[in-house]
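Secondary and tertiary structure notes
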Amino acid sequence: MGKASRDKRDIYYRKAKEEGWRARSAFKLLQIDEEFNIFEGVKRVVDLCAAPGSWSQVLSRKLYLPAKQSSDSKNGELPLIVAIDLQPMAPIEGVIQVQGDITNARTAEVVIRHFDGCKADLVVCDGAPDVTGLHDMDEFVQSQLILAGLTIVTHVLREGGKFIAKIFRGKDTSLLYCQLKLFFPVVTFAKPKSSRNSSIEAFAVCENYSPPEGFNPKDLHHLLEKVGSPSGADDLDCSSGWLEGPNKVYIPFLACGDLSGYDSDRSYPLPKDADGTYQSLDPVQPPIAPPYKRALELKKASSHGIRELEKLSLDS
Ligand code: SAM
């Protein structure tokens, strides 16, 4: 799809470029905030799976930059924003970057060290694996990322804090809901207007972190297994069956963002210049080391190799 064509079919992609966001995902966080007021009183935040960085940009613009301009900065009380991803990210003002895997305990330790004994008010996680198209598999891998996020939450989030995590809706959604409810009395699954209806993605908005009394983060997995096991795991007892019949869980599900605003599943006409043409903007910040970079290098190298071989056979 050409840039102009994508601009037409994906209003949030175009708006992201116009407003200086690195990715259209920025609108998802902004729309979640419109509904849930997630930034109120937030001074310390962790952005898990942050690259290319549009959520970190939102955090910087909503929390860091206003504080820097206000009197708070004179007291040295600037908000702390720590962003983690497997991929490196171009710098963002007020955002500390950690490159690492959130499923790795050492990454969690690095994050905790940045907080220097203090706790975060908010943890956000927009993590997504490379989608395979196999729905159950994608949902399972996604749930593992959320559980890695929850592990970090149990170490860094203060009581009363919030956790926002991307989920893939599927047959284990009720199980995930019950697992999150162990730690948060209020859990809502939200679908921002900028997230396409055709996408199985939604966001768990978990409020008022309250771990069970006497909870030790080391017991997290044991505790979660007590609630149930993902139905895709064949060595487990699939006890999520208790979520059926009279015990069925009803999950609060909410559409958010200005519902009369832009619809991510619609095409919109492109704004024309005075001379009647449309100028498509370049992306704000192309990824600096995207996972497909190596594939492109290999493809380039192999086509170069083929050309060299062709030259040799012509010469001989
Ligand atoms: N919130 C980001 C933004 O607004 O720019 C977009 C995040 S993107 C949808 C998903 C990210 O998850 C990718 O950058 C990917 O590298 C990251 N990711 C996937 N698995 C991860 C893992 N195990 N540890 C850290 N990051 C991971």
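Since the structure is predicted, the reported quantities are computational estimates derived from the model, not experimental observations.

A word on the packing of helix H3 (residues 25-36) against helix H4 (residues 54-69)
- Relative to each other, H3 and H4 sit at 45 degrees, their axes nearing to 7 Å. Between H3 and H4, the interaxial angle falls into the category oblique. Here the hand of the crossing between H3 and H4 comes out right-handed. Within the contact between the two elements, H3 uses Ser25, Ala26, Leu29 and Leu30 and H4 uses Ser54, Trp55, Gln57 and Val58.
- In terms of residue class, the contact of H3 with H4 is made up of five nonpolar, three polar and no charged.

Comments concerning the UniProt feature "binding site: S-adenosyl-L-methionine" (unreviewed entry) in the protein chain
- Residues annotated in UniProt with the feature "binding site: S-adenosyl-L-methionine" (unreviewed entry) correspond here to Gly53, Trp55, Asp85, Asp101 and Asp126.
- Inspection of the secondary structure puts Trp55 in helix H4.
- Once you skip the residues sitting within four places of it in the chain, Trp55 turns out to touch Ser25, Ala26, Leu29, Asp47, Ala50, Val124 and Asp126.
- One can find Asp126 in the loop between strand E4 (120-125) and helix H6 (135-156).
- Sequence-distant contacts of Asp126, defined by excluding residues within four places in its chain, comprise Ser25, Cys49, Trp55 and Lys166.

Brief notes about the packing of helix H5 (residues 105-115) against H6
- Viewed as axis vectors pointing N to C, H5 and H6 meet at an angle of 30 degrees, and their least axial separation amounts to 10 Å. Taken as axis vectors, H5 and H6 run roughly parallel relative to one another. As for how H5 packs across H6, the hand of that crossing is right-handed. Each of Ala108, Val111, Ile112 and Phe115 in H5 lies in contact with H6, whose residues at this interface are Thr151, Ile152, His155 and Val156.

Some thoughts on the site of the ligand
- Among the 23 residues in the neighbourhood of the ligand, the closest are listed as Ser25, Cys49, Ala51, Ser54 and Asp126.
- Elements with a minimum of two residues in the shell around the ligand: H3, H4 and strand E2 (80-85).

Examining the UniProt feature "active site" (unreviewed entry) in the protein chain
- Mapped onto the present numbering, the UniProt feature "active site" (unreviewed entry) falls on Lys166.
- By secondary structure assignment, the location of Lys166 is in strand E5 (residues 157-168).
- Accessibility expressed as a C-beta count within 10 Å gives 22 for Lys166, which makes it buried.
- Leave out the neighbours within four places in its chain, and Lys166 touches Cys125, Asp126, Gly127, Ala128, Glu201 and Phe203.

Things to note about the confidence of the model for the protein chain
- Confidence along the protein chain averages 86 in pLDDT terms, with 90% of residues attaining 70 or more.
- Taken together, the stretch residues 232-241 has pLDDT below 50 and engages in 13 contacts with residues farther than four places along the chain or on a different chain.

A look at H3
- The end-to-end C-alpha distance of H3, which contains twelve residues, comes to 17 Å, matching closely the 16 Å that a straight helix rising 1.5 Å per residue would cover.
- Looking one or two places after H3, you find Asn37, whose phi comes out positive at around 55 degrees.

A closer look at the sheet that holds strand E3 (residues 95-99)
- Overall, mixed pairing links the eight strands, which are arranged E3-E2-E1-E4-E5-E7-E6-E8 in an open sheet. Lying at the two open borders of the sheet, with one neighbouring strand each, are E3 and strand E8 (253-256). Each adjacent strand pair in this sheet contributes to an overall mean axis angle of 20 degrees, direction not counted.
- Two strands pair when backbone bridges link them, and strand E6 (residues 186-192) and strand E7 (residues 201-207) are joined in this way by five bridges, in the antiparallel orientation. Paired with Val186 across the strands is Glu207, a residue of E7.
- Helix-sheet contacts for H3 involve E4, E5, E6, E7 and E8, and the interaxial angle to E6 is about 130 degrees.
- Against the sheet, helix H7 (residues 173-181) makes contact with E5, E6 and E7, and its axis sits at roughly 135 degrees relative to E6, the strand it touches most.

Cut-offs used in this document
Residues numbered from 1 in each chain as written. Predicted model: local features only at pLDDT ≥ 70, side-chain atom pairs only at ≥ 80, totals over all residues. Axes fitted to C-alpha atoms, helices over the stretch in contact; angles between N-to-C directions. Helix = DSSP H or I, 4+ residues; strand = E, 2+ residues; numbered from the N terminus. Parallel < 35°, antiparallel > 145°, perpendicular 65-115°, else oblique. Left-handed = near helix turned anticlockwise from the far one by under 90°. Contact = placed C-beta atoms within 7 Å. Nonpolar A, V, L, I, M, F, W, Y, C, P; charged D, E, K, R; others polar. UniProt positions renumbered as here; feature names shortened; annotations may be inferred. Near = placed C-beta within 6 Å. Buried ≥ 20, exposed ≤ 12 C-beta atoms within 10 Å, placed from the backbone. pLDDT = per-residue confidence, 0-100. Expected span 1.5 Å × (residues − 1). Pairing = 2+ DSSP bridges.

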